[in-house]
Protein chains: 10
Amino acid sequence: MNRSDVNALILEKKRSHGLRWKEVSAQLGASKEWCTAALLGQMPLSAEQARVITQLLDLPEEAERILQEVPSRGCLSTAVPTDPTIYRFYEILQVYGTTIKELIHEEFGDGIMSAIDFSMDISRVKDEHGDRIKITLNGKYLKYKTY
Amino acid sequence: MNRSDVNALILEKKRSHGLRWKEVSAQLGASKEWCTAALLGQMPLSAEQARVITQLLDLPEEAERILQEVPSRGCLSTAVPTDPTIYRFYEILQVYGTTIKELIHEEFGDGIMSAIDFSMDISRVKDEHGDRIKITLNGKYLKYKTY
Amino acid sequence: MNRSDVNALILEKKRSHGLRWKEVSAQLGASKEWCTAALLGQMPLSAEQARVITQLLDLPEEAERILQEVPSRGCLSTAVPTDPTIYRFYEILQVYGTTIKELIHEEFGDGIMSAIDFSMDISRVKDEHGDRIKITLNGKYLKYKTY
Amino acid sequence: MNRSDVNALILEKKRSHGLRWKEVSAQLGASKEWCTAALLGQMPLSAEQARVITQLLDLPEEAERILQEVPSRGCLSTAVPTDPTIYRFYEILQVYGTTIKELIHEEFGDGIMSAIDFSMDISRVKDEHGDRIKITLNGKYLKYKTY
Amino acid sequence: MNRSDVNALILEKKRSHGLRWKEVSAQLGASKEWCTAALLGQMPLSAEQARVITQLLDLPEEAERILQEVPSRGCLSTAVPTDPTIYRFYEILQVYGTTIKELIHEEFGDGIMSAIDFSMDISRVKDEHGDRIKITLNGKYLKYKTY
Amino acid sequence: MNRSDVNALILEKKRSHGLRWKEVSAQLGASKEWCTAALLGQMPLSAEQARVITQLLDLPEEAERILQEVPSRGCLSTAVPTDPTIYRFYEILQVYGTTIKELIHEEFGDGIMSAIDFSMDISRVKDEHGDRIKITLNGKYLKYKTY
Amino acid sequence: MNRSDVNALILEKKRSHGLRWKEVSAQLGASKEWCTAALLGQMPLSAEQARVITQLLDLPEEAERILQEVPSRGCLSTAVPTDPTIYRFYEILQVYGTTIKELIHEEFGDGIMSAIDFSMDISRVKDEHGDRIKITLNGKYLKYKTY
Amino acid sequence: MNRSDVNALILEKKRSHGLRWKEVSAQLGASKEWCTAALLGQMPLSAEQARVITQLLDLPEEAERILQEVPSRGCLSTAVPTDPTIYRFYEILQVYGTTIKELIHEEFGDGIMSAIDFSMDISRVKDEHGDRIKITLNGKYLKYKTY
Amino acid sequence: MNRSDVNALILEKKRSHGLRWKEVSAQLGASKEWCTAALLGQMPLSAEQARVITQLLDLPEEAERILQEVPSRGCLSTAVPTDPTIYRFYEILQVYGTTIKELIHEEFGDGIMSAIDFSMDISRVKDEHGDRIKITLNGKYLKYKTY
Amino acid sequence: MNRSDVNALILEKKRSHGLRWKEVSAQLGASKEWCTAALLGQMPLSAEQARVITQLLDLPEEAERILQEVPSRGCLSTAVPTDPTIYRFYEILQVYGTTIKELIHEEFGDGIMSAIDFSMDISRVKDEHGDRIKITLNGKYLKYKTY
């Protein structure tokens, strides 16, 4: 049994228990964004979180240990994603990639937005012309070091 | 002369005039995010905006016409970006791509966040442990049609 | 059991029951184009549709739940399709891609044809020199937003 | 001077003459879809059409000869297009590729839709919820030969 | 069981029965080229042919139905083939691709050689300096349509 | 000046002189297939042939020397060709690649068809349902050596 | 059971029998280079060789037949090999590829070194500064045919 | 002027001076294999060699300095070479790559053949059935270090 | 059972025994860096090391033999790694690749740093602004041979 | 003039002035590793550094401004480097990538080594069996944030 088997099992159990990501996340005591990523195989759980999820979803004991290990990250099976919901974010990178770079450098200087000291929030914005999705990326500015 | 020549010229003129994107954007009457993308070759300008930028940066007359045409979009020269500042956003896609998909579907149903009826905001968040970059993506939820 | 297993099972059952896509689609109450895409793993079914197809094809109970989930879309196993029937449409993109772009922009302005608020129709056109295939793509025009 | 030079020149002249594809096409006596493709470098012109366009756009004499040669076709600079307006059609292929294949085979038997004995029509459909783009692909059904 | 399983089974049974492609083809009433392609998974069999091959090779009943379905075509596992016997034909394309294009256009005008209304013949040519392989490709000329 | 410059020049001169490949080939004393390949940059000319073509097309003296050098072969700018006339031959490889391999091995044993001791012939076959293109590939059978 | 299964079985049996490639090759009556390639799945065995190896390694009866079939060649799982021992030969191609081409053409004229009528020898060269590996490639010169 | 310009110039001058690689190499006091690689841009020359070649081929003074710099190595413009003369060596890697690895490890243990402390020799072997090309690769065995 | 199966088994057993790489390495009598690489499938073990690890982790007897064979090296499943922890090292190569080359050549002359006669050390550097990771690469300088 | 032009100019001027990277770096007041990377186009210079280098190498005034802008990073022209000196570091990643990941996680927990708050040192280690190259990578440990 490896992490990939555990990921598949989590999806099956979540489905058969009729649970939603928000409900599962509430049990783990962290944001829905982080928890969903973790349960999709992108983040390690703490010992406590692993115990909780194992009980909640009736996972085998070995899963509890596996979930605490740092996974090999990367959820796209091709360099350019094929699923339209995911592709739109790749498209934003194609349209705005150099813009983001220019504006970060103009405001902060030479550096990057961390993808490690980072959080994300996905929420609904009510709008009479059709609701909108708002995704906030929040990462620490890291300055390139001169030495 | 084509759009790519105009883009290079804009960068040269902006540099020699010592202008910042925010200053240029202020002249165009739109957000710094949209204007920078436009001047990097990803958006067409309105007739008025083209006139303004041509004067501001001493561009040749032909540039004014070219800037009003819809460009061929795509700013990455490789499928996976090599520049670290831009790569971090590809990395976020590798780590959170399936998470974003799951949470959009859970909250909204089967659909996507539009990358067309879309806006972006990049701002600084003051933080005593080091300032943070906040990027907000705001796109209309588009529902998959059943027919 | 995951969506991919269900897709394979549907193909087996459809074959052993001697059913055609049009017949199956008629049971689901939607167009043959949408239903075939759904049963090939590209669209989620409604609860009612999932119930109908599960009974029609003697699928296991778990399949009924799986079919209601939004699938990870993308049906091509290589970026450029190898099957000639499918390749011709990629070829049309190679020959007419920039033409479609130019004519959409000339007629509508800067924007795209939605692939989400979208429908497709495939039909036969009688012709004495050999019947023709007519495929109609119908998508909402989405205007690029300036902000 | 080669076809690629001529294509660039046509775009420049069309811009400086303030012409639209529809106007240019009207002069050539063929549909706007075919003519635009031809002038973007994907189709050869007849001797008469080459003469007309050379005069209309003040092209050099050599261009008239070059335009009558069959070009090397292919307008995408990457296997997967990056421009969103064009990408949507690649996306339709990712979502509906196998569906189109199945339905052509169910209706016609083993064969393909020709991309050679083929025509395309792009038009506007008025709609109160927002106008729609209708693209009709019309190709001869070609049956796979058994021998 | 899917087509790929049937293909593997056919190879196993052909081997254990000690049959040659020519012998198998003779039973199916078609050329050795078409039949071999069909039994390698690239062509659908007629109902009669499927019955014959199922009996000849002791295939399971389900295989008989599967063999009548149009397969997903494409027999190369990489875009550029690695097997030297197959690679030589890719090499011919690298050396003569543009030549074939030029000569078809010079002789026929703008169009292609059909790969659908197509037949192939592979035969031995006795030669005292070493026998030669002669492969004849025979496809209908299809003229590009102007509309 | 390199071979690539010479290739471009040959195409320009052939066009301005209003010559056809067959006419040019007749001057060179070899088949139209070999000569066209040579003049498209895939074969070296003999000293005599280089002299002839240089005079016929008014090429500069340096070209005469360059044309006698063995070129770097390969005429496709992408691994999978995008031009439909050329693509069809790649498609034939996708559909018949393993078939060709099996039938060569069945008839000749373990070996290949040479692409070096090789000739090709492209000709028209009159046919009342539409003329056909016949391409004959003729290569020496080369047996794999055991040692 | 296919060739790939047989290859894996041969490796397992060779290991459990504690045999070396040289010992196995001695039994087959051919060079260690050819035999190793054959047993790694790149060459077909003669009937006699297949009988010998089947007995030597206790392979199942079906393996004896499979080993006599011409395999699908190609032992690299990526276009550029990742294993350092193998990569060095790819590197030699990157550094000396054009050199080999130039020197073959200068010495022999327009042609290639056959990889079919070919043999290879790998041997140790004693050297006080550290032993050296000598690999001799020996292939028939094949002249490009003009026709 | 950079190394790539110098490489092109060397080819032009070698042609116009009617020199062969062997002749040029004789002047440089090193093997024809090493010298050809160097003059094709894959090796740096010594100060003395750079002086010699600059005089021999009438190169500009700057070239003399450039030729002494270590170049960026790599002579293939695609990962898989398209030129048949070069491709055969890639093919040998596809057929014998794992064999070479196995036999080096069996004879020497865990290590590689150096491509740095390496020499190559290309020579003609007279043979009544057609002359053969013999290429000897000679590299130091480098043992993997355990630490 | 092959090396890949053994690798997976080692990971499972290490987890269930609650062992750390450092502890396992201590048993093998080599550095943690080399041992971890070996147990992840990139290095062969000595007979003694294989015996130790087999006992320590309760591996099957066959594993002991497999672990002594030289593995096929390469641990990345894509050319560009997706896991952020690993990617940073690819990024360093993108930013500093040419710098490393220039400085090695300036200091040592034309040559490389061996990746075979090589060792690596990973350690923690205490730092009040946050601890740092120090990775030392130590490889023998190998000089390019002129011959 | 853009950064790429400036990079080429710096290399030319450095060559004609007969300067070494260490000498140039000494003028800029930073390490040879950082300065070389900067002058190869991977880092922006401070205003003072840009002034110094412009004078030292007689660069045009525009270069001084360009060198202060943050460049688009990435120095490899292919995803897998072809130059052997650079490739060895890619190879280290193929052999040790997963090892580095495991040991960082074991020692530090879930996180990465920063490639931004990062320094590198390249030095010579005297060794009687041949000098060695020591490269030290030193980056801040960045912990993955849970939120």
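Thresholds applied
- Residues numbered from 1 in each chain as written.
- Chains lettered and ligands numbered in written order.
- Predicted model: local features only at pLDDT ≥ 70, side-chain atom pairs only at ≥ 80, totals over all residues.
- Heavy atoms only, no water.
- Phe/Tyr/Trp six-rings, centres within 6.5 Å; stacked < 30°, edge-to-face > 60°.
- Helix = DSSP H or I, 4+ residues; strand = E, 2+ residues; numbered from the N terminus.
- Buried < 20%, exposed > 50% of the residue type's maximum accessible area, 1.4 Å probe, protein only.
- Lys NZ or Arg CZ within 6 Å of the ring centre and 35° of its normal.
- Contact = heavy atoms within 4.5 Å.
- Buried area = accessible area lost by both parts, 1.4 Å probe.
- Salt bridge = Lys/Arg side-chain N within 4 Å of Asp/Glu carboxyl O.
- Polar contact = N/O pair within 3.5 Å; in protein donor to acceptor, adjacent residues only side chain to side chain.
- Least-squares fit on C-alpha atoms with pLDDT ≥ 70 in both.
- Pairing = 2+ DSSP bridges.
- UniProt positions renumbered as here; feature names shortened; annotations may be inferred.

1. A look at the packing of aromatic side chains
At step 1: Throughout the structure, instances matching the rule amount to 40 aromatic pairs over all chains.
At step 2: Geometrically, the ring pair formed by Tyr90 of chain I and Tyr90 of chain J is edge-to-face, given 6.3 Å between the ring centres and 75° between the ring planes. One end of the pair, Tyr90 of chain I, is in helix α6 (residues 84-108); the other, Tyr90 of chain J, is in helix α6 (residues 84-108), on a second chain. As far as burial versus exposure is concerned, Tyr90 of chain I and Tyr90 of chain J are alike and both buried.
At step 3: If you follow Lys14 of chain J out to its NZ or CZ, it ends over the ring of Trp21 of chain J, 4.4 Å from the centre.

2. Brief notes about the interface of chain D and chain C
At step 1: With 68 residues of chain D at the contact, the number on the chain C side is 69 residues.
At step 2: Of the roughly 7,100 Å² buried at the junction of chain D and chain C (both faces included), carbon and sulfur atoms supply 65%.
At step 3: Considering only the side of chain D, the residues that lose the most area to chain C are Glu106, Arg132 and Ile133 of chain D, jointly responsible for 11% of the buried surface there.
At step 4: Linking chain D with chain C are 8 salt bridges.
At step 5: If you look at where chain D meets chain C, you find 34 residue pairs in polar contact (both at pLDDT 80 or more).

3. Observations concerning the relation of the copies chain F and chain E
At step 1: Expressed as a screw operation, the relation of chain F to chain E combines 0.0 Å of axial shift with a rotation of 180°, fitting to an RMSD of 0.0 Å. What we have between these two chains is a two-fold relation. Within chain F, the C-alpha atom positioned nearest to the axis of rotation is that of Thr136 of chain F, 2.2 Å from it.
At step 2: Take the interface residues of chain F: 100% of them recur as interface residues in chain E, which is what a same-surface contact looks like.

4. Quick word on the pairing of strand β2 (residues 132-143) of chain H
At step 1: Across the 12 residues that make up β2 of chain H, a large majority, 10, are buried.
At step 2: With 9 bridges connecting them, strand β2 (residues 132-143) of chain G and β2 of chain H associate as antiparallel partners. Counted as the bridge partner of Thr136 of chain G is Thr136 of chain H from β2 of chain H.
At step 3: Direction of pairing for strand β1 (residues 111-125) of chain H relative to β2 of chain H: antiparallel, over a ladder of 11 bridges.

5. What about the UniProt feature "active site" (unreviewed entry) in chain A?
At step 1: Under the present numbering, the feature "active site" (unreviewed entry) in UniProt falls on Arg88, Glu91 and Ser114 of chain A.
At step 2: Its relative accessible area of 1% is what places Arg88 of chain A among the buried residues.
At step 3: In contact with Arg88 of chain A, other than residues within four places in its own chain, are Ile112, Met113 and Ala115 of chain B, Ile116 of chain C together with Arg88 and Glu91 of chain D.
At step 4: Topologically, Glu91 of chain A is positioned in helix α6 (residues 84-108).
At step 5: Note on Glu91 of chain A: relative accessible area 1%, which makes it buried.
At step 6: Setting aside its immediate chain neighbours within four residues, Glu91 of chain A contacts Ala115 and Ile116 of chain B, Tyr144 of chain C together with Pro84 and Arg88 of chain D.

6. So, the pattern of salt bridges
At step 1: Counted according to the given criterion, the structure contains 130 salt bridges over all chains.
At step 2: Measuring nitrogen to oxygen at the nearest pair gives 2.6 Å for the salt bridge that ties Asp110 of chain J to Arg73 of chain A. One end of the pair, Asp110 of chain J, is in the loop between α6 and β1 (111-125); the other, Arg73 of chain A, is in the loop between α5 (61-66) and α6, on a second chain. Here Asp110 of chain J matches Arg73 of chain A in class, with each residue buried.
At step 3: When the shortest N-O distance is used, the salt bridge between Arg88 of chain D and Glu91 of chain A registers 2.6 Å. Of this pair, Arg88 of chain D sits in helix α6 (residues 84-108) while Glu91 of chain A sits in helix α6, which puts the two residues in different chains.
At step 4: When salt bridges with common partners are traced through the structure, they connect Lys22, Arg124, Lys126 and Asp131 of chain A together with Glu107 of chain B into a single cluster.

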